[in-house]
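# A look at the structure
Spelled out from the first residue to the last, the chains are:
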Amino acid sequence: MSVVSNKKKDWFDLYSGYIILAGIIAVISGFGVSRILSDWSISSLVPLGVGGAVIVGFSIAKAIRNKWFSTEASKRKALVGTNVAVMSIFAASIFAVIGFLNHRHYVRFDLTLTGKYTLSSKTKNILKNLDKPIVITTLFNQGEMFYEQIVDILKEYAHLTEQIKIENIDPLRNRSKVEELAMRLKISDLQLNSVVFECGEQSKHVQQSEVMERQYPFKFKGEEAFTEAILNVTQEKQTTIYFVQGHGERQFDDYDRQGISGLANALKRDNCCVAPLNILDKKKIPDDCDVLVVAGPSKSYLTEELNIIRNYLENRGKLLLMMEPAVSPNIPTGFKTLLAEYGIVVRDDIVIYNTVKMPLFGLQTVAEIYVGNEEYGDHKISDDLKNYNTILYGACSVDAAPPNDQMPYEAKILMNAPDSAWGETDVADLKYKKPEKNMETDVLSPISLAVASEVKELPKTVTQAHPAMANDPNAQPKGARLVVFGDVDFATNEFSDNPGNKDLIRNSINWLAKKETQLGISAKAPDFRKAVIHPTQMKVIFWVSIAGIPVIPIIIGGIVWWKRRR
């Protein structure tokens, strides 16, 4: 009896199980702390190490005291237990390795119908080419409109580049952090429900009104605002774009249908500065001009003005020219000779398309051209546009001159008209009669509508002989860049909402400014979907949910009862 009594009083036998359980809890706690803090620190390593030592030590001591290996039966049980433990550890290790690999290498899919969580190709290009760290701080209350979408889209930004770090601050619970941020950015009135972008000493404060439409239905447009902010804080200088005036060109401050204010606003979002230019007043193209835009001239340029533009191009200038078609009275602008020096041919015609099906009128012959996948050329400007349509209205044909070894510039076609289109040369009375294809006088397919020209790639003999290029195997020739469209209407407010039009003109300017990392499709327009249910459908939904669903278990129960009764 005394032996039994002493055994009951043995503290080891009484409390060793609880101590081992405490060790297990300590290990789990240490692991949980490391996951919460996203780091292995003393607060997580100490309980993990102590708990592991307690488990191993007390388990061995308990096995020795209880003589688990003294008999064949106990040895067999110990062997089985050890085998189970080893297999469990092995299985846990496999899961850990799989989890680690899944964390480092995984594929993401956006299964939403409109690609809600997919960033545009333009944003992806900008993020993948970031070379400066950016800190993004959100100051949104969790209950605010679009809070979840803002957090989700910023996670997509951080997923594409390691240069972005995101910090979410609750402005109501962490007022001290908000005040610290305001002091660091030297902002006296840091508004809540906003997003702050920081890169070095540059910062951009994006307000809530910039990420949503200001009128009902409220739509989220965060990607456009956030990408604009990234450009603002990472680029050292703005791209300066001058719009030539004085010859009937379209105005960038004209908000009517025929104006190009929408284009100007889009360029500002791309971190560009737009300004007007009267060449005769300045007698030169300003030195800070990155891109010169001539948007649909309807009057002739003087020889002096053309020579000023020629001198600008010879000094590595960049020109975007959008032509107006030759309508009566036919007033030449004077650009034909200048453009020919760069391998670009402009014709005095109007491209006609005769297979447009119009409601109530059937097939009609019109001057509206739809450019689709097969009509785009092989060029950086149009590579990402091949799944979008571009609409041109009243364009003249613009072609690339045949290759010439004597010409240092090479023009490439950006887009062609559909095969059934032709270039109508009899434009005198086109407003009063239906155009008809003339196989002898008209311009026949293929017809190009836009071209881009730049310096040819120089042969190795030239680069090796040039002292500035001799030691650089990747040296590229420097010179002018030109993009010429046979139409200006596609860039106006009337047609600019078409995705292909907007991105085509913006890509052209970014290519001219040598900002190839900003090429691509811009952020998609905010999507708003509303379900419209017919009254009859409402009745069906009502009776199915109120009467139909409850009746089903009653019928099944009745059948079971009837079968058992029989």
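We now turn to the structure provided with this report. Here the structure is a predicted model, which means the values were calculated and not measured. (Residues numbered from 1 in each chain as written. Predicted model: local features only at pLDDT ≥ 70, side-chain atom pairs only at ≥ 80, totals over all residues. Heavy atoms only, no water.)

### Overview of the pattern of salt bridges
Here is the rule we go by: Note on definitions: salt bridges are taken to be side-chain nitrogens of Lys or Arg within 4 Å of carboxyl oxygens of Asp or Glu. Strands are runs of DSSP state E lasting at least 2 residues, helices are runs of H or I lasting at least 4, and numbering of each runs from the N terminus.
Using the criterion set out here, one finds 16 salt bridges in the structure. Note that D270 is salt-bridged to K122, the shortest N-O span being 2.8 Å. With D270 in the loop between α9 (261-269) and β6 (272-277) and K122 in helix α5 (residues 121-128), this pair connects stretches of sequence that are 148 residues apart. One salt bridge connects R269 with E224, and the closest N-O pair in it is separated by 2.4 Å.

### Observations regarding the sheet that holds strand β7 (residues 291-295)
Selection rule: Two strands pair under a simple rule: DSSP has to find at least two bridges between them. Between N-to-C directions, angles span 0 to 180 degrees; the directions come from axes that are lines fitted to C-alpha atoms, helices contributing only their stretch in contact. Two residues form a contact once any of their heavy atoms are found within 4.5 Å.
With mixed pairing, the seven strands of this open sheet are ordered in space as β6-β5-β7-β8-β18-β17-β15. The open sheet has two edge strands, β6 and β15 (409-416), and neither has a second partner. Along the sheet, successive strands turn relative to each other by an average axial angle of 20°, direction set aside. When strand β5 (residues 239-244) meets β7, the two strands line up parallel, connected through three bridges. Within β7, the position partnered with I241 by the bridge is V291. Against the sheet, α9 touches β5 and β6, its axis set at about 140° to β6. Taken strand by strand, helix α14 (residues 499-512) contacts β5, β7, β8 (318-322), β15, β17 (448-455) and β18 (481-485), and its axis lies near 160° from that of β18.

### Re the environment of P499
Where we set the bar: Whether a residue is buried, partly exposed or exposed follows from its accessible area with a 1.4 Å probe, protein chains only, as a fraction of its type maximum: under 20%, in between, or over 50%, in that order.
Mapped onto the secondary structure, P499 falls in helix α14. By relative accessible area, P499 is classed as partly exposed at 37%. Remark: the alpha-carbon pair of P499 and I391, spanning 108 residues in sequence, is separated by 9.7 Å.

### Re the packing of aromatic side chains
Which entries qualify depends on this criterion: The pairing test for Phe, Tyr and Trp rings, Trp by its six-membered ring, is centres within 6.5 Å, and the orientation test on the planes gives stacked under 30 degrees, edge-to-face over 60, and tilted for anything in between. By the criterion adopted, a ring carries a charge over it if an Arg CZ or a Lys NZ lies within 6 Å of its centre and within 35 degrees of its normal.
Under the defined criterion, the tally for this structure stands at eight aromatic pairs. Ring geometry for Y301 versus F335: centroids 4.8 Å apart, planes at 65°, classification edge-to-face. Separated by 34 residues along the polypeptide, Y301 in the loop between β7 and α11 (303-314) and F335 in helix α12 (residues 335-340) bring together distant segments of the chain. Between W561 and W562 the ring centres are 6.3 Å apart and the planes differ by 50°, which places this aromatic pair in the tilted class. Of note, R481 hangs over the ring of W511, and the distance from its end group to the ring centre comes to 4.4 Å.

### Brief notes about the packing of α5 against helix α8 (residues 222-234)
Just so we agree on the cut-off: Note on angle classes: values under 35 degrees are labelled roughly parallel, values over 145 roughly antiparallel, values of 65 to 115 roughly perpendicular, and the remainder oblique. Here a crossing is taken to be left-handed if its near helix is turned anticlockwise relative to the far helix by less than a right angle, and right-handed if that turn runs clockwise. Amino acid classes used here: Ala, Val, Leu, Ile, Met, Phe, Trp, Tyr, Cys and Pro are nonpolar; Asp, Glu, Lys and Arg are charged; the rest, including Gly, are polar.
Closest axis-to-axis distance for the α5/α8 pair is 11 Å, and the angle between their directions is 30°. The angle between α5 and α8 falls in the class roughly parallel. By crossing handedness, the relation of α5 to α8 is classed as left-handed. Residues T123, I126 and L127 of α5 form the contact with α8, whose own contacting residues are E223, T227, I230 and L231. Considering only residue class, the contact of α5 with α8 consists of four nonpolar, two polar and one charged.

### Re a nonpolar patch on the surface
Formally: Patch criteria: residues need more than 30% relative accessible area and no salt bridge. Like-charged residues are merged within 9 Å; nonpolar side chains of Val, Leu, Ile, Met, Phe, Trp and Tyr are merged within 5 Å. For every accessible area listed, the method is Shrake-Rupley and the probe measures 1.4 Å; residues are considered covered only by the protein chains on display.
A contiguous nonpolar patch, built from W11, L14, Y15 and Y18 and spanning about 510 Å² of accessible area, is present on the exposed surface. Mapping Y15 onto the fold places it in helix α2 (residues 11-37).

### Points about the sheet that holds strand β3 (residues 194-199)
Strand order in the open sheet formed by four strands is β2-β1-β3-β4, with mixed pairing between adjacent strands. The open sheet has two edge strands with one neighbour each: β2 (164-168) and β4 (202-207). When the angles between neighbouring strand axes are averaged without regard to direction, this sheet yields 15°. Sheet analysis places strand β1 (residues 134-138) next to β3, joined by four bridges and oriented antiparallel. The partner of T138 across the bridge, within β3, is V195. Lying over the sheet, helix α6 (residues 147-160) contacts β1, β2 and β3, oriented at roughly 155° with respect to β2.

### Digging into the pairing of β6
Relative to β6, β5 runs parallel, the two sharing six bridges. Bridge pairing in β6 places T239 opposite C272.

### Topic: the nonpolar core
Our working rule: By nonpolar core is meant a set of buried Ala, Val, Leu, Ile, Met, Phe, Trp, Tyr and Cys residues that side-chain atoms within 4.5 Å join together.
In terms of nonpolar packing, the biggest core is built from 43 residues, with I241, F243, L320, M322, L449, V483 and F485 touching the most fellow members. Per element, the largest residue contribution to this core is five residues, and it comes from α14. Those residues within four positions of V483 in sequence are excluded, and the remaining contacts are L319, L320, L321, I381, L414, V451, A452, S508, W511 and L512.

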